[in-house]
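The lines below spell out each chain.
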Amino acid sequence: MENYQEIIVYFILTCAFLIAGYKLYKKLFNPLKGCSGCESDCAGCQLQDLKKDIEENKRKRAG
């Protein structure tokens with residue numbers, strides 16, 4: 001009976017790590033995805049500032 005409990009615990013832990021890893025992957029590789037739905041002029045938007053910083057860093061690396 002204990003073997004079944006261990007299997008269930010390992011399965012739940014594996015699922016939790018997979019979900020956390022997936023969310024972390026999406027957050028790291030597409031941080032500006034949430035910016036596409038703004039209805040304001042984006043003045044003072046933290047995501048817009050982050051996008052500008054990323055573009056500047058890309059230009060510095062390329063040039």
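Structure: see above.
Summary of the structure given here. Predicted model, so just to flag it, every value in this text is computed and none were measured.

For the structure on display, the rule yields one aromatic pair. Ring centres of Tyr-25 and Phe-29 lie 4.7 Å apart, and the angle between their planes is 45°; this geometry places the pair in the tilted category. Here the residue Tyr-25 and the residue Phe-29 both occupy positions in helix H1 (residues 2-29), the gap between them amounting to four residues, near one helical turn. We note that Tyr-25, like Phe-29, is exposed.

The grouping of Val-9, Tyr-10, Leu-13 and Phe-17 at the surface amounts to a nonpolar patch, some 460 Å² of accessible area in total. For Tyr-10, the position within the fold is in helix H1.

The rules behind each value
Residues numbered from 1 in each chain as written. Predicted model: local features only at pLDDT ≥ 70, side-chain atom pairs only at ≥ 80, totals over all residues. Heavy atoms only, no water. Phe/Tyr/Trp six-rings, centres within 6.5 Å; stacked < 30°, edge-to-face > 60°. Helix = DSSP H or I, 4+ residues; strand = E, 2+ residues; numbered from the N terminus. Buried < 20%, exposed > 50% of the residue type's maximum accessible area, 1.4 Å probe, protein only. Patch = residues over 30% accessible without salt bridge, like charges linked within 9 Å, V, L, I, M, F, W, Y side chains within 5 Å. Areas by Shrake-Rupley, 256 points an atom, 1.4 Å probe, with all protein chains shown as cover. Salt bridge = Lys/Arg side-chain N within 4 Å of Asp/Glu carboxyl O.

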